[in-house]
Amino acid sequence: MCGIVGIVGASPVAEQIVESLRRLEYRGYDSAGVATLENGRLTRVRAEGKLKNLAAKLQEHPLKGAVGIGHTRWATHGRPTENNAHPHATDRVAVVHNGIIENFRELREELTARGHVFKTETDTEVVAHLVTDEMQKGHSARDAVAAALPRLRGAFALAFIFNGEPDLLIGARQGAPLAVGWGEGEMYLGSDALALAPFTNTITYLDDGDWVVLTPKGAQFFDASGLPARRAKVQTQASAFLVDKGNHRHFMAKEIHEQPEVVGRTLAHYLDMSSGAVRLPFELPFDPKTLTRITISACGTAYYAGLIAKYWFERYARLPVEIDVASEFRYRDAPMVDGGLMIVVSQSGETADTLAALRYAKEQGQHILSVVNVQTSTIARESDVVAATLAGPEIGVASTKAFTCQLAVLACLAVGFGSARGALDATREAELVADLISMPGLMAEAFKREPQIEALARDLAKAKDVLYLGRGTNYPLALEGALKLKEISYIHAEGYAAGELKHGPIALIDEAMPVIVLAPFDAVFEKTVSNMQEVAARGGKIVLIGDARAKHESAVPFFATIAMPDMAPDFAAIPYAVPVQMLAYHTAVVMGKDVDQPRNLAKSVTVE
Ligand code: M6R
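Bear in mind that the values here come from a model prediction, so they are computed numbers and not experimental data.

**Observations concerning the pattern of salt bridges**
Part 1 of the argument: Under the defined criterion, the tally for this structure stands at 26 salt bridges.
Part 2 of the argument: As a salt-bridge pair, Glu82 and Lys57 come within 2.8 Å of each other at their nearest N and O atoms. Separated by 25 residues along the polypeptide, Glu82 in the loop between strand 4 (67-73) and strand 5 (88-89) and Lys57 in helix 2 (residues 51-60) bring together distant segments of the chain.
Part 3 of the argument: Residue classification places Glu82 among the partly exposed positions, given a relative accessible area of 33%.
Part 4 of the argument: Under the relative-accessibility criterion, Lys57 is labelled partly exposed at 27%.
Part 5 of the argument: A salt bridge links Arg330 to Asp353, with the shortest nitrogen-to-oxygen separation between them at 2.6 Å. Within this pair, whereas Arg330 is found in the loop between helix 10 (326-329) and strand 20 (341-346), its partner Asp353 is found in helix 11 (residues 352-363), the two being separated by 23 residues in sequence. A single burial state applies to Arg330 and to Asp353, both of which are buried.
Part 6 of the argument: Because the salt bridges share partners, they merge into one network encompassing Glu110, Arg114, Asp133 and Arg151.

Below, the structure written as structure tokens:
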């Protein structure tokens, strides 16, 4: 996950920037760089590898400017070379970037046709050229950024400095975090409060879609529509704590909002964004071509991630998948084919039942691949291959960002296996990879529904029971939605495959029963419409989480609809997880529950 730092002040800033970048090292990176203005001209120093390489270069070529930006890069588009390291610059502007610019290819073609010359393999460079293009039309630096931002698709944070503008630093946030730090005659930008802690504890967090203009005297905030915005200052304890809640009330809220960033980071670990192919970051101790079946085992939310992945492995890799909750699987005496593959999924990597399932499968001669978030955990240590989720520490007991990162990893594995087994050709693989790359941006888009979800939560909080329905990959997501609501609000909830409704649960439906239907307009949508009609006929209150077409084509009386952006159906469960999580979160908040530490639950279940 890249790190961003920016400072605008009165004295040289390069050393402070490197000091601040050191505090972002925990995010992981493979190159780094700093740009400042010297005598009004943009100058940069960049280095491959760790910050000590950058510091050594800066000793040889000290940068003197009083405005600057710095960056630690986690390579996504293009190798971790000095040339691809940030800041990227033209003769007008230098920029650092965290996240993914999804439409960089089309922008690059457009700008190349207008005479811009690109020198790197990165997506970021289009941002520098796009802003330059606007400046060449006669716009000021600030107006050029305002004109360029709406043209960028994806989840990102950006910081800019400009040739001939020693008192100007601009930041922008869409789906990746960015904070402003308030100093005396000096202002700061940072990926998080931790980066800013050496300078100040007075912070303003940008809202999604915001951008900010900083001078040594202060900050002016603008919202996504370009209108001036007021954003509150908060005091942080960031210097003392490595993990803080940012400007969120709960860790769970923070973790929900981190998802575009951490899912993007996780995808970047498994995909070659430039060529549009899966590139697993490890050697497999087996050949996917020789597999005849996969077994998946896990608990709770991790199990639901595995259940969604079952659809993907079957569809893309043409492999039959057996899946069971670990507490059952471990005692079933399940026969396993020698040389088969067992995938275990776990955030903590310490869940006792999952570990026991792993050990059983090992005894049965299976290769063990674990999808884990804590890479030093027992499950990771006892696996043949560890497919890391790069979600960062998950503190809230209710799993959110670990879940979507598990989905991201499992999707990459399914597509990678499909391509290795010849079940997917290169064109289809590239299409699926492009769909995956769009996930962080779609998740960020889903946050726009939060005020509506908050209002809906007030109704849901009055319910005694809630039903979640879905088909295909939205069926396991319905199970996850019900689990999320149960565990933090204590409202009884059940998830069902929508087609199962008339085999029993329909008996529960009456005017008091909210039924949350997860239904994008996909191949099985029409079937789900029939199920919604059955609910409506019995007075159930239907809440549709679906796209515009789903709403338009269904002709069902909805109690509420949560409109999701249009997307290819394949991996829709990843962005659809966001409203499902937000609904559970806000319902629990309305009810005054202890969201981060719900009663009776532990984050890591190390007993049976
Ligand atoms: O650490 P793990 O992923 O192995 O944990 C598995 C479950 O205990 C966990 O997902 C649990 O269901 C969460 N509380 C769900 O939010």
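**Observations concerning the side chain of Thr202**
Part 1 of the argument: Position of Thr202 among the secondary structure elements: in strand 11 (residues 202-205).
Part 2 of the argument: Thr202 gets classed as buried once you look at its relative accessible area, which sits at 19%.
Part 3 of the argument: Non-local contacts of Thr202, meaning those with residues more than four positions away in its chain, are made with Val180, Gly181, Trp182, Lys233, Val234 and Gln235.

**Concerning the packing of aromatic side chains**
Each pair of aromatic rings is reported with the distance of its centres and the angle of its planes.
Part 1 of the argument: Following the criterion strictly, the structure yields 12 aromatic pairs and no others.
Part 2 of the argument: With a centroid separation of 6.3 Å and 70° between ring planes, the pair formed by Tyr270 and Phe282 is classed as edge-to-face. Placement of Tyr270 in helix 8 (residues 259-270) and of Phe282 in the loop between strand 17 (277-278) and strand 18 (294-298) is noted, with a sequence separation of 12 residues between them. Accessibility assignment for this pair places Tyr270 and Phe282 in one class, buried.
Part 3 of the argument: With 5.8 Å between their ring centres and 50° between their planes, Tyr316 and Phe571 make a pair best called tilted. Here the residue Tyr316 occupies a position in helix 9 (residues 300-316), and Phe571 occupies one in the loop between strand 27 (560-564) and helix 20 (573-590), the gap between them amounting to 255 residues. Neither Tyr316 nor Phe571 differs from the other in exposure class; each is buried.
Part 4 of the argument: In this structure, Lys233 is placed above the aromatic ring of Trp182, and the distance from its NZ or CZ to the ring centre is 4.2 Å.
Part 5 of the argument: Its guanidinium or amino end placed over the ring of Tyr490, Arg599 lies 3.8 Å from that ring's centre, counting from NZ or CZ.

**Quick look at empty space enclosed by the protein**
Part 1 of the argument: Within this structure, the stated rule accounts for 4 cavities of 30 Å³ or more.
Part 2 of the argument: Taken as a whole, the largest cavity encloses approximately 120 Å³ of empty space.
Part 3 of the argument: Forming the boundary of the largest cavity are 16 residues, of which Asn98, Gly99, Glu261, Gly264 and Arg265 lie nearest the centre.
Part 4 of the argument: Among the elements that make up the lining of the largest cavity, the one with the highest residue count is helix 8 (5 residues).
Part 5 of the argument: Its residues assigned to classes, the lining of the largest cavity shows 9 nonpolar, 5 polar and 2 charged.
Part 6 of the argument: No fewer than three residues from each of domain 1 (3-240) and domain 2 (246-437) sit in the lining of the largest cavity.
Part 7 of the argument: Put simply, the second largest cavity is a space of about 70 Å³.
Part 8 of the argument: Forming the boundary of the second largest cavity are Cys2, Arg73, Trp74, Thr76, His77, His86, His97, Gly99, Thr122, Asp123 and Thr124.
Part 9 of the argument: Each residue belonging to the lining of the second largest cavity can be placed in one class, and the counts come to 2 nonpolar, 7 polar and 2 charged.

**Description of the domain arrangement of the protein**
Part 1 of the argument: Domain boundaries assigned for the protein yield domain 1 (3-240), domain 2 (246-437) and domain 3 (443-595).
Part 2 of the argument: Centre-to-centre, using C-alpha coordinates, domain 1 lies 33 Å away from domain 2.
Part 3 of the argument: Counting from both sides, the interface comprises 18 residues of domain 1 and, opposite them, 14 residues of domain 2.
Part 4 of the argument: The contact between domain 1 and domain 2 buries some 1,300 Å² in all, and 53% of this surface belongs to carbon and sulfur atoms.
Part 5 of the argument: Counting the surface domain 1 buries against domain 2, the share from its top three residues, Trp74, Ile100 and Tyr205, is 36%.
Part 6 of the argument: Across the domain 1-domain 2 interface, the total number found is 0 salt bridges.
Part 7 of the argument: For the interface between domain 1 and domain 2, the tally reads 4 residue pairs in polar contact (both at pLDDT 80 or more).
Part 8 of the argument: Grouping the constituent residues of the side of domain 1 that touches domain 2 by class yields 7 nonpolar, 6 polar and 5 charged.

Cut-offs used in this document
- Residues numbered from 1 in each chain as written.
- Predicted model: local features only at pLDDT ≥ 70, side-chain atom pairs only at ≥ 80, totals over all residues.
- Heavy atoms only, no water.
- Salt bridge = Lys/Arg side-chain N within 4 Å of Asp/Glu carboxyl O.
- Helix = DSSP H or I, 4+ residues; strand = E, 2+ residues; numbered from the N terminus.
- Buried < 20%, exposed > 50% of the residue type's maximum accessible area, 1.4 Å probe, protein only.
- Contact = heavy atoms within 4.5 Å.
- Phe/Tyr/Trp six-rings, centres within 6.5 Å; stacked < 30°, edge-to-face > 60°.
- Lys NZ or Arg CZ within 6 Å of the ring centre and 35° of its normal.
- 1 Å grid on protein atoms, 1.4 Å probe; cavity = no way out; pocket = protein on both sides within 12 Å on 5 of 7 lines; lining within 4 Å.
- Points joined across faces, edges and corners; volume = space filled by probe spheres on them.
- Nonpolar A, V, L, I, M, F, W, Y, C, P; charged D, E, K, R; others polar.
- Domains from an automatic or database assignment.
- Buried area = accessible area lost by both parts, 1.4 Å probe.
- Polar contact = N/O pair within 3.5 Å; in protein donor to acceptor, adjacent residues only side chain to side chain.

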